[in-house]
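Coordinate analysis (summary)
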There are 4 protein chains.
Amino acid sequence: MIIVMEKGAAIDQINDVVARVRELGLGAHLSSGEERTIIGVVGSPLPPTLDELLEIHAGVERVVRITKKFKLSGWDFHPQKTRIQVRDVTIGGPELTIIAGPCSVESEEQTVATAKAVKAAGATILRGGAYKPRTSPYEFRGLGRRGLEILALARDETGLPIITEVMTPADILDVGEFTDIFQIGARNCQNYLLLEEVGKAGKPVMLKRGLSMQLEEWLLAAEYVISQGNPDVILCERGIRTFEPATRNTLDVSAVPVIQGLSHLPVFVDPSHAAGKRALVPALSLAGIAAGADGLMIEVHPSPDHAMSDGAQSLTFAEFESLMPRIAKVAGAVGRDLRVPERVAAL
Amino acid sequence: MIIVMEKGAAIDQINDVVARVRELGLGAHLSSGEERTIIGVVGSPLPPTLDELLEIHAGVERVVRITKKFKLSGWDFHPQKTRIQVRDVTIGGPELTIIAGPCSVESEEQTVATAKAVKAAGATILRGGAYKPRTSPYEFRGLGRRGLEILALARDETGLPIITEVMTPADILDVGEFTDIFQIGARNCQNYLLLEEVGKAGKPVMLKRGLSMQLEEWLLAAEYVISQGNPDVILCERGIRTFEPATRNTLDVSAVPVIQGLSHLPVFVDPSHAAGKRALVPALSLAGIAAGADGLMIEVHPSPDHAMSDGAQSLTFAEFESLMPRIAKVAGAVGRDLRVPERVAAL
Amino acid sequence: MIIVMEKGAAIDQINDVVARVRELGLGAHLSSGEERTIIGVVGSPLPPTLDELLEIHAGVERVVRITKKFKLSGWDFHPQKTRIQVRDVTIGGPELTIIAGPCSVESEEQTVATAKAVKAAGATILRGGAYKPRTSPYEFRGLGRRGLEILALARDETGLPIITEVMTPADILDVGEFTDIFQIGARNCQNYLLLEEVGKAGKPVMLKRGLSMQLEEWLLAAEYVISQGNPDVILCERGIRTFEPATRNTLDVSAVPVIQGLSHLPVFVDPSHAAGKRALVPALSLAGIAAGADGLMIEVHPSPDHAMSDGAQSLTFAEFESLMPRIAKVAGAVGRDLRVPERVAAL
Amino acid sequence: MIIVMEKGAAIDQINDVVARVRELGLGAHLSSGEERTIIGVVGSPLPPTLDELLEIHAGVERVVRITKKFKLSGWDFHPQKTRIQVRDVTIGGPELTIIAGPCSVESEEQTVATAKAVKAAGATILRGGAYKPRTSPYEFRGLGRRGLEILALARDETGLPIITEVMTPADILDVGEFTDIFQIGARNCQNYLLLEEVGKAGKPVMLKRGLSMQLEEWLLAAEYVISQGNPDVILCERGIRTFEPATRNTLDVSAVPVIQGLSHLPVFVDPSHAAGKRALVPALSLAGIAAGADGLMIEVHPSPDHAMSDGAQSLTFAEFESLMPRIAKVAGAVGRDLRVPERVAAL
């Protein structure tokens, strides 16, 4: 870490900073230029908030952190790409993972039918919301525990592992009784106590990116989970909030290669929430895979016109089925693998 | 609500939509132009998510909501400005409320000293964090229950009511045992279960605006609290996330008059988190008051250079004391009142 | 267009609005509900700014435009995808167009070497800046007319058509003497007089998206060019400005399918300016193609370490050469074509 | 400037960077830590783009600029606040300057009436657009030279100096023949050739902030003007583009104190374009003054309902007149001065 003192900082101010650094058990190395003094801080490990502690000292102009704030999610700590095993499915390997299913679990019939349809098209994990965060308290908020039971039933019928959202620590036990992967939604991405509690629950966690979350903050949120002893974290880019009204959110497709440069964690793309419109889902799916994503999470519904939530962005069975072979082709073009049933590949 | 059908929508599509509207117990009024059909929906009350339910129908181009989504926080529902009584302090009346105190409760000495100093300068409520949300799991996260006890002690010493953050439903009982006002932080602004639980706790709630929260979403978050029977919600603008790096966040000062046009709830400004830099706090404080805010929430620390969090944006006692009479003058200029001790007013 | 009057709008206000509509030669069709009156405006064509003219009338709550503001760039006006012929190259057809070259023309040697290298790798148009917009007046601002001459020379040597930026109307003649395509930079995207003047110059125009330009505004900027009689406009997405610091800009890859849904104009992606970092250029290139872009514009430099501008985001010859076959594979996977020399394809 | 080399940078890479620094006539000072080498660059003045030139070298992790990029607009270069004399009016002194007038000059009657009304209420400069940038080519684009003549006539009638926008270098002579202050609009804020040309025209220039312009970029744009020998630049904050739809733009009120900390140039606020809605203009005006702005620029129209542009955000004469004494009170509260006619002050 480098501390740049202000032009004309007083000797006392410099000494104060040096004293503080040494108080923290670290070394300080002074370099006095014509105009300014620069203090190099050495020692290992540096306290993670050292920059914050030092930059508030009088006379300090700027503290330049050289090492990253996150650790457990970074390559330094874990030089192999993380692979996560969820029943038969390996996430983060050469084969892509397609998660599909309805926004909300609405009924047994709707969920099982969707599970069968997405499996037949090549999806390997079923999604579905039982506890739904909604912007307004007056909207449909999910079937709760009954929704979890329906998801489990759909898993029994199809063999697909399931992923569903948990919104609050009190529900972790219940949700964990059923789900294979915990999903943390975009609005809860900095609900730190939830992150820690879910980190203790012993199952993989998918962490959606918050609407205005910087990539480094996202990795720090992942640290909350991993630091509880759970290394199985999947990141999912789902669009950020910008000034552009044509899409519900703006898919930050660059997040995929940036995160992969910084972290060993698998990165997914959710084209449905990014687009907000069914017609854009195929293009964003293909873009995500081409950028290197390890998988996709796509909303599919038997009758989007009658969906209780997110109908506008859900694909029909037929749309999903015709998208899958297109994804498989792009996967092949970028050196990844996606096995699609022969019947579907021939579409 | 008005449903605009696509150019060339089929008769069947139009009939389907009309049938759906009637299924919901509402009236549909058709108006067929040369190019398009428009369907007016009448009935009262309209289901809050009606637009979402209708816009996904085949043939629908757009649904235009005419009434607002929020209700309890709007003027229609409650035509008097909300006033909230917190011990001796009335929030939302002609007199401004200045909340001040440290970011984190660090020790009894630090907290009591700050309470006394801010009271002496004219503040009427003490803030202080016992449970701290931090971007990184490696940062100081507050003293917890011990922090609450210290706050209560500072209240005993000064008579100032206290406000402190609650981060998760499991802490509501503990925090509620001590605090006078619950604070919901920006990162938890759409943690809906927390909002509902705190809505049941029988004490006023300050709801900070999320980093990328639209104003209508903020009022809907307030509805989560109010719909539990707790009308005492205070909104606090604390800066939104934009592309500008010169400030920690961008204070959206327009939020003050916009919210006041839509809602009867008191609106505060937090210049400290918006600015992120001590030197900007006075200008943003004065701007907030001039824009019509009902109060401010300002971070003050006995020695910001040694603060365990947010030191860079905390005022010293002297800075806070010299700011108060300036706030009082602007308050007077915009027809509001702020009583500052005579000694301070003379500064 | 639909005019929604306020709840309780006075009869006089309604009559005023109707009178104004008729004054403009249009029809007004009243529909009075229990609470509100709605006025449908009919007639064709509607004045493009009609909504703006009407929404300011007393008693009007909202004006809902049903048709889009842009015309010439939309599908309604021109139902075939636009194809633009630039010497031997067809832009907007099944074959992708890869534009490559240095940010700035620095010397004959640098430019000709780059032209040869990018041609050998499969690029079909050469880019290079002779007039450079720079954030600071103290930065390198291009070789001017000498730069144009060098570009023409590189064209002579390689046969590649050239594209270069024009920054001000006074330079159009000069630049037009040499260039095959005019480029309008992101900072000039709403420099309307430049757009009109370049629209008269009789050569294709590439219009980069502004840093905070909404997609509808972009199409309206294209209208400025097209309305001068020049239909040959290429749109180029190059990243928008958001809160995320990890990339120079945020590539809005959704812009590709959204624009293609609204407009017949070819859409390109510039991964170099979006990323700002060489290492991210391949992933963003592939994502752009997978999303359906008609081409890419990529910065390439013989020695990026010594580039006079944008070195950090420029590819070396070797990096570009190894990227091209990857682009070709993704192009094939999404049903597009990119012919790459055999030697390169085998890399 | 400090160059931080990558962990494990090769000796050759370090030597290359040092050689480059010396090639540029500067000194390099090596400091080798256990893990990294840091190179301090000394010499004065440093080339303004030195960081860009150095950060692209192999082995360089980061270049940390310590001094600011702008010079002429900064306090170091000009330690007194800039005061600009425009006929009888002094901008940047203790007295606030209120500029008011219509968005567009529509007719002599409209303009002269507005000039008289705003003068009677205490405004000291008249604004009015003769050349109008419009998002769509189909909108009203101003009266051109006839508009300038009308503005001059209104100046003759009232004695108010005038400010009007110039959009392209070719119009500078024409506009300069009439105007007292050149206005550069938000969309032209990085039209660098226009900035330079207007810098040569010998009259003060108001530079509006671009919709997504960072504050440092704004000061660099001002450098383009000042570097032509014209120190009389006024900056005008008019709202930035964010995700919030409730206002046309988001007024970044913090820009006022931030700029004043960095620069000696006067800073204005334009509440009309920020708000986009008449009802919000008073609150934003007062907030701007409270934050320390040197003046305001407010749109006023005799009949906003019939304005040819920006009617929704224009004040009526009565609204402007009742706002002025409120501004004067806040000005007084923050130690600034605004003289309002006695009749108006008594309102």
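Here goes a summary of the coordinates provided. (Residues numbered from 1 in each chain as written. Chains lettered and ligands numbered in written order. Predicted model: local features only at pLDDT ≥ 70, side-chain atom pairs only at ≥ 80, totals over all residues. Heavy atoms only, no water.)

Considering the overall build of chain A
- Along its length, chain A carries 12 helices and 14 strands.
- Based on the C-alpha atoms only, the size of chain A along its principal axes is roughly 75 × 45 × 40 Å.
- Among the 347 residues that make up chain A, the fraction classed as buried is 65%.
- At a minimum sequence separation of 6, the contacts of chain A that also span at least 24 residues come to 67%.
- Total accessible area on chain A is roughly 11,700 Å²; 50% of this is exposed by carbon and sulfur atoms.
- When the 36 positive and 43 negative side-chain charges of chain A are each reduced to one mean point, those points stand 3 Å apart. (Helix = DSSP H or I, 4+ residues; strand = E, 2+ residues; numbered from the N terminus. Buried < 20%, exposed > 50% of the residue type's maximum accessible area, 1.4 Å probe, protein only. Contact = heavy atoms within 4.5 Å. Areas by Shrake-Rupley, 256 points an atom, 1.4 Å probe, with all protein chains shown as cover. Lys, Arg positive; Asp, Glu negative; His and termini not counted. Charge placed at Lys NZ, Arg CZ, Asp CG, Glu CD.)

Topic: the sheet that holds strand β9 (residues 162–165) of chain B
Residue and element names in this part refer to chain B.
- In spatial order, the strands read β7-β8-β9-β10-β11-β12-β13-β14; together these 8 strands close into a barrel with parallel pairing. Pairs of neighbouring strands in the sheet enclose a mean axial angle of 25°, with direction left out of account.
- One ladder, built from 5 bridges, connects strand β7 (residues 97–101) with strand β14 (residues 295–299); its direction is parallel. Considered in β14, the bridge of glycine 101 is made with glutamate 299.
- Sitting on the sheet, helix α6 (residues 192–199) is in contact with β10 (181–184) and β11 (205–208), with an inclination near 175° to β10.
- Relative to β14, helix α10 (residues 281–290) is tilted by about 165°, and along the sheet it contacts β13 (267–269) and β14. (Pairing = 2+ DSSP bridges. Axes fitted to C-alpha atoms, helices over the stretch in contact; angles between N-to-C directions.)

Examining the sheet that holds strand β13 (residues 267–269) of chain A
Residues and elements named next belong to chain A.
- If you trace the 8 strands once around the closed barrel, you get β7-β8-β9-β10-β11-β12-β13-β14, paired in parallel fashion. Geometrically, the sheet is characterised by an average inter-axis angle of 25° between neighbouring strands, direction not taken into account.
- In this sheet, strand β12 (residues 233–237) lies alongside strand β11 (residues 205–208) in parallel orientation, the contact comprising 4 bridges. Bridge pairing in β12 places lysine 208 opposite cysteine 236.
- Here helix α7 (residues 215–226) sits on the sheet and contacts β11 and β12; the angle it forms with β12, its principal contact strand, is near 155°.
- Contacting β13 and β14 (295–299), helix α10 (residues 281–290) runs over the sheet at an angle of about 165° to β14.

A short note on the pairing of strand β14 (residues 295–299) of chain D
Residue and element names in this part refer to chain D.
- Within β14, 5 of the 5 residues are buried, which leaves it mostly tucked inside the rest of the structure.
- Both strand β13 (residues 267–269) and β14 contribute to a ladder of 2 bridges, which runs parallel. Each residue of the ladder has a partner; that of phenylalanine 268, found in β14, is glycine 295.

Overview of the relation of the copies chain C and chain D
- By a simple turn and slide, chain C fits onto chain D: the slide is 0.0 Å along the axis, the RMSD is 0.0 Å, and the turn is 180°. On this basis, the relationship between the two copies can be described by a two-fold rotation axis. The C-alpha atom lying nearest the rotation axis in chain C is that of C:Ser212; the distance is 3.0 Å.
- Interface overlap between copies: 100% of the residues of chain C at the interface are likewise at the interface in chain D, consistent with a symmetric, same-surface contact. (Least-squares fit on C-alpha atoms with pLDDT ≥ 70 in both.)

Remarks on the interface of chain C and chain A
- Contacts between the two partners involve 32 residues from chain C and, on the opposite side, 32 residues from chain A.
- Across the chain C to chain A interface the summed buried area is about 2,500 Å²; carbon plus sulfur atoms make up 75%.
- Contact with chain A buries surface across chain C, with C:Phe243, C:Glu244 and C:Ala333 losing the most and accounting together for 21% of the total.
- For C:Arg209, the salt bridge goes to A:Glu244, with nearest N and O atoms at 2.9 Å.
- Applying the counting criterion to the chain C and chain A interface returns 6 residue pairs in polar contact (both at pLDDT 80 or more).
- Contributions of two or more residues to the side of chain C that touches chain A are made by α8 (255–262), α10 (281–290) and α11 (317–333) of chain C.
- Element by element, the count of residues in the side of chain C that touches chain A is highest for α10(C), at 5 residues.
- Considered class by class, the residues forming the side of chain C that touches chain A number 21 nonpolar, 6 polar and 5 charged. (Buried area = accessible area lost by both parts, 1.4 Å probe. Salt bridge = Lys/Arg side-chain N within 4 Å of Asp/Glu carboxyl O. Polar contact = N/O pair within 3.5 Å; in protein donor to acceptor, adjacent residues only side chain to side chain. Nonpolar A, V, L, I, M, F, W, Y, C, P; charged D, E, K, R; others polar.)

Some remarks on the interface of chain C and chain D
- Each side of the interface is counted separately: chain C has 51 residues, and chain D has 51 residues.
- Here chain C is connected to chain D by 4 salt bridges.
- Notably, a salt bridge pairs D:Glu196 with C:Arg141, separated by 2.8 Å at the nearest N-O pair.
- Considering each element in turn, the side of chain C that touches chain D owes the most residues, 5 residues, to helix α7 (residues 215–226) of chain C.

Concerning the nonpolar core
- Counting residues in each nonpolar core, the largest one holds 167 residues, and the members touching the most others are B:Ile298, B:Phe320, B:Ile327, D:Ile298, D:Phe320 and D:Ile327.
- Grouped together as the second largest cluster of nonpolar side chains are 165 residues, A:Ala152, A:Ala287, C:Val112 and C:Leu160 included. (Core = buried A, V, L, I, M, F, W, Y, C linked by side-chain atoms within 4.5 Å.)

What to know about the pattern of salt bridges
- Using the criterion set out here, one finds 88 salt bridges over all chains in the structure.
- One salt bridge connects B:Asp174 with B:Arg145, and the closest N-O pair in it is separated by 3.1 Å. Taken as a pair, B:Asp174 in helix α5 (residues 172–178) and B:Arg145 in helix α4 (residues 145–158) lie far apart in primary sequence, 29 residues in all.
- Here the salt bridges do not stand alone but share partners, grouping A:Glu108, A:Arg145, A:Arg146, A:Glu149, A:Asp174 and A:Glu177 into one network.

So, the packing of α7(A) against helix α8 (residues 255–262) of chain A
Residues and elements named next belong to chain A.
- In the contact formed by α7 and α8, the axes pass within 11 Å of each other and the chain directions differ by 55°. What the angle tells us is that α7 and α8 run oblique. Considering the relative orientation of α7 and α8, their crossing is right-handed. The segment α7 lies against α8, with Leu215, Trp218 and Leu219 engaging Ala255, Val258, Ile259 and Leu262. (Parallel < 35°, antiparallel > 145°, perpendicular 65-115°, else oblique. Left-handed = near helix turned anticlockwise from the far one by under 90°.)

Comments concerning the pairing of strand β11 (residues 205–208) of chain C
All names here are of chain C.
- Side chains Val205 and Leu207 project from β11 onto one buried face, and the interleaved Met206 and Lys208 project onto a second face that is buried too.
- Summarising the sheet, strand β10 (residues 181–184) and β11 pair through 3 bridges and their orientation is parallel. From the neighbouring strand, glutamine 183 faces β11, where its bridge partner is methionine 206.
- Remark: the β10/helix α6 (residues 192–199)/β11 crossover connection has right-handed handedness.
- Handedness of the β-α-β unit built from β11, α7 and strand β12 (residues 233–237) comes out right-handed. (Right-handed = clockwise from strand over helix to strand, strands pointing away.)

Comments concerning unusual backbone geometry
- A positive phi is found at B:Asp310, a non-glycine position, where the angle reads about 60°.
- Following the sequence through the fold, B:Asp310 ends up in the loop between β14 and α11 (317–333).

So, the state of the cysteines
All names here are of chain B.
- Under the criterion given, the structure shown has 0 disulfides over all chains.
- Cysteine cysteine 236 remains unbridged, with the sulfur of cysteine 189 as its closest cysteine sulfur at 12 Å.
- Assessed through its relative accessible area of 0%, cysteine 236 is described here as buried. (Disulfide = S-S within 2.5 Å.)

Examining α7(C)
Residue and element names in this part refer to chain C.
- Between its terminal C-alpha atoms α7 stretches 16 Å, which fits the 16 Å expected from 12 residues at 1.5 Å a residue.
- Counting buried positions over the 12 residues of α7 gives 11, a clear majority of the element.
- Contacts made by the buried residues of α7 are with α6, β11, β12 and α8. (Expected span 1.5 Å × (residues − 1).)

With respect to the packing of helix α3 (residues 108–121) of chain B against α11(B)
Residue and element names in this part refer to chain B.
- The contact between α3 and α11 brings their axes to 9 Å, and the two run at 20°. Taken together, the axes of α3 and α11 lie roughly parallel to each other. Judged by the twist between their axes, the crossing of α3 over α11 is right-handed. Note on element contacts: α11 touches α3 through Phe317, Phe320, Glu321 and Met324, opposite Ala113, Thr114, Ala117, Val118 and Ala121.
- Class assignment of the residues belonging to the contact of α3 with α11 gives a composition of 7 nonpolar, 1 polar and 1 charged.

Section: the packing of aromatic side chains
Residue and element names in this part refer to chain A.
- Applying the stated criterion across every chain yields a total of 4 aromatic pairs over all chains.
- Between tyrosine 192 and tyrosine 224, the ring centres sit 4.3 Å apart and the planes meet at 20°, which makes this aromatic pair stacked. Placement of the pair is tyrosine 192 in helix α6 (residues 192–199) and tyrosine 224 in helix α7, with a sequence separation of 32 residues. When sorted by exposure, tyrosine 192 lands in the same class as tyrosine 224, which is buried. (Phe/Tyr/Trp six-rings, centres within 6.5 Å; stacked < 30°, edge-to-face > 60°.)

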